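Read off the chains here:
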Amino acid sequence: MRLSVFGMGYVGNVSAACFAADGHHVIGVDPNETKVGLINDARSPIVEPGLAELIEEGVRAGRLRAVTDPAEAVRHTELSMVCVGTPSQANGNLDLQYLVRVCEEIGACLKDKDDFHIVVIRSTMLPGTIRETVQPVLERASGKKAGQGFGLCNNPEFLREGSAVRDFREPPKTVIGESDDRAGAALAGLYAHLDAPLIRTEIEVAEMVKYADNAWHAVKVTFGNEIGAISKRLGIDSHRVMDIFCQDTKLNISPYYLKPGFAFGGSCLPKDLRAITYKARELDLPVHMLNAVLPSNRWQVETGVDMILSKGRRKVGVLGFSFKANTDDLRESPLVEVIERLLGKGMDLKLYDRNVSLARLTGGNRDYIMKAIPHISNLMVDSVEEVIDHAEVLVIGNGDPAFRQVPDRMKDGQVLVDFVRVMDAKSEPGRYDGVAW
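Residues numbered from 1 in each chain as written. Predicted model: local features only at pLDDT ≥ 70, side-chain atom pairs only at ≥ 80, totals over all residues. Heavy atoms only, no water.

## What about the state of the cysteines?
This structure, assessed with the given rule, holds 0 disulfides. No disulfide involves Cys18; its sulfur sits 11 Å from that of Cys83, the nearest cysteine. Overall, Cys18 belongs to the buried group, its relative accessible area being 0%. (Disulfide = S-S within 2.5 Å. Buried < 20%, exposed > 50% of the residue type's maximum accessible area, 1.4 Å probe, protein only.)

The following block contains the structure:
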């Protein structure tokens, strides 16, 4: 393909050089004449292992050059990739002035271009920025509509300084958010030779993935550091601890526990978090992230309660209230707290949980159920049907497979509040509400 790359900073230089090395013809665009001159002299404007060689090779082969004129770049290419900076403002928001300026320039160039041109945003931006800022600017400047007169995609980068060329060649994944199939397919063709998952999705999902990635990386670093701080005070080899921790790829280093849903509970996680943060306080260690976990978990409980109360209905049915499916354990179940909060608000409740029903009769948790929460035990019924018949608001609290058919059995006027995503759907006002979707 013939590509133009706007913004010859870190991401722009690496992207342009690697695409040129793949055989594409690339024009880099930057208002900085020094950068443009360095590239055209076959020299790299930035320091990055392997980049200087790629730039020299691309320029010598006639596949890479740089210009200061946006019109020249758009006129001679099929796809424009925007890699300009989006620096932080004082309040934490992003400064989009460079992005907006480049989109105005590209849009003005598209106004007089008959060919279908694809605009790809590779700059990091908050979810919604393309729909709310980039697309309107491009459409206004070009007089064309995204998905019709031009294609619009988001293509977040996952490049690390010091290994960016290798990361481009061996990415963990390639993510494309697309306005239309034609634009998405053309962009996907640039990455077809890479041995990595290629995901085509909605633009907002692609924008959010970048933040999920970087927030998770920051959480991992902070978690390791806080475990390290506690370990050092206790005379324990923190690297040995985390080496063993990372060997668990079923739970610790895996997708497990990473799907959005309701609060955690049970006999282990809350108790052990309280214990380790108590030990940190005893050692005078401010483990801010670990200390924030339980308050964040309580906020998730409050979110669930507020969702139910916001429906404005008094009759509530809860399906599943052990802390997770396939257990009768109610110890520190967040669903029990939800139920107690709803009772305190005067709600008329009926509850069903197959495993808790058995435990009430013969299980190991019988004493806990009958002594600690008898008021909840008295609200239990023997079938899903009794809950459905009673409720104006149905709440699915855990992932028991028996609850998957509940949406199909709902009556007119009933509302479903889903804490586990029993339905693969987004919230639908007046009928279905997911706790995080």
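## A few points about the layout of surface pockets
A water-sized probe rolled over the atoms picks out the places where empty space is left. The computed volume of the second largest pocket comes to approximately 450 Å³. Around the second largest pocket sit 25 residues that line it, and Gly7, Cys83, Val84, Gly85 and Tyr98 are the ones nearest its centre. Secondary-structure elements contributing two or more residues to the lining of the second largest pocket are helix H1 (10–21) and helix H5 (97–111). Ranked by residue count, the leading element in the lining of the second largest pocket is H5, at 4 residues. The class makeup of the residues in the lining of the second largest pocket is 11 nonpolar, 8 polar and 6 charged. (1 Å grid on protein atoms, 1.4 Å probe; cavity = no way out; pocket = protein on both sides within 12 Å on 5 of 7 lines; lining within 4 Å. Points joined across faces, edges and corners; volume = space filled by probe spheres on them. Helix = DSSP H or I, 4+ residues; strand = E, 2+ residues; numbered from the N terminus. Nonpolar A, V, L, I, M, F, W, Y, C, P; charged D, E, K, R; others polar.)

## Digging into the environment of Val318
As for its placement among the helices and strands, Val318 is situated in strand E9 (residues 315–319). In this structure Val318 comes out as buried when scored by relative accessible area, which is 2%. Between the C-alpha atom of Val318 and that of Leu335, which follows or precedes it by 17 residues, the distance is 8.8 Å. Excluding its chain neighbours within four sequence positions, the residues that come into contact with Val318 are Ile339, Leu349, Lys350, Leu351, Tyr352, Val387 and Val395. (Contact = heavy atoms within 4.5 Å.)

## Looking at empty space enclosed by the protein
Counted according to the given criterion, the structure contains 2 cavities of 30 Å³ or more. Arg122, Phe158, Pro171, Lys173 and Thr174 are, among the 14 residues lining the largest cavity, the residues nearest its centre. Of the residues belonging to the lining of the largest cavity, the class tally is 8 nonpolar, 2 polar and 4 charged. What the second largest cavity holds in volume is close to 40 Å³.

## Concerning the domain arrangement of the protein
According to the domain assignment, the protein consists of domain 1 (2–201), domain 2 (203–258) and domain 3 (297–434). When each unit is reduced to the centre of its C-alpha atoms, the spacing between domain 1 and domain 3 is 49 Å. (Domains from an automatic or database assignment.)

## Comments concerning helix H9 (residues 203–233)
Over its 31 residues, H9 runs 46 Å from end to end, which matches the ideal 45 Å to within 8%, given 1.5 Å per residue. Among the residues of H9, those classed as buried are Ile203, Ala206, Glu207, Lys210, Asp213, Glu226, Ile227, Gly228, Ile230 and Ser231. Among the residues trailing H9, Gly235 stands out with phi positive, at a value near 75°. (Expected span 1.5 Å × (residues − 1).)

## Some details on the sheet that holds strand E7 (residues 174–178)
The mixed open sheet is built from 8 strands, whose spatial order is E3-E2-E1-E4-E5-E6-E7-E8. The open sheet has two free edges, formed respectively by strand E3 (64–67) and strand E8 (198–201), since each of these has just one partner strand. On average, adjacent strands in this sheet sit at an angle of 25° to one another, irrespective of strand direction. Its contacts with the sheet put H9 on strand E6 (150–154), E7 and E8, and the angle it makes with E7 is roughly 145°. (Pairing = 2+ DSSP bridges. Axes fitted to C-alpha atoms, helices over the stretch in contact; angles between N-to-C directions.)

## A short note on H1
A rise of 1.5 Å per residue sets the reference length of H1, with its 12 residues, at 16 Å; its end C-alpha atoms lie 17 Å apart and thus fit the reference within 8%. The buried fraction of H1 amounts to 10 of the 12 residues, a majority that puts the element mostly inside the structure. The complete set of buried residues in H1 reads Val11, Gly12, Asn13, Val14, Ser15, Ala16, Ala17, Cys18, Phe19 and Ala20. Looking one or two places after H1, you find Gly23, whose phi comes out positive at around 105°.

## Describing the packing of H5 against helix H6 (residues 129–142)
To characterise two packed helices, one gives the angle between the axes of the helices and the distance between these axes. At a minimum axis separation of 7 Å, H5 and H6 run at an interaxial angle of 35°. Between H5 and H6 the crossing geometry is right-handed. For the pair H5 and H6, the contacting residues are Leu99, Val100, Cys103, Glu104, Ile106, Gly107, Ala108, Leu110 and Lys111 in the first and Thr129, Thr133, Val134, Val137, Leu138, Ala141 and Ser142 in the second. Within the contact of H5 with H6, the residues separate by chemical class into 10 nonpolar, 4 polar and 2 charged. (Left-handed = near helix turned anticlockwise from the far one by under 90°.)

## Observations concerning the nonpolar core
One finds Ile308, Val316, Leu319, Phe321 and Leu394 to be the most contacted residues of the largest nonpolar core, which totals 43 residues. Elements supplying a minimum of two residues to this core: helix H12 (288–309), E9, helix H13 (334–344), strand E10 (348–352), helix H17 (384–390), strand E11 (393–396) and strand E12 (415–418). If one sorts the elements of this core by residue count, H13 sits on top with 5 residues. Setting aside its immediate chain neighbours within four residues, Val316 contacts Ile308, Leu342, Met347, Asp348, Leu349, Lys350, His390, Ala391, Val393 and Val395. Counting 38 residues, the second largest nonpolar core, distinct from the first, contains Leu3, Val165, Phe168 and Ala183. (Core = buried A, V, L, I, M, F, W, Y, C linked by side-chain atoms within 4.5 Å.)

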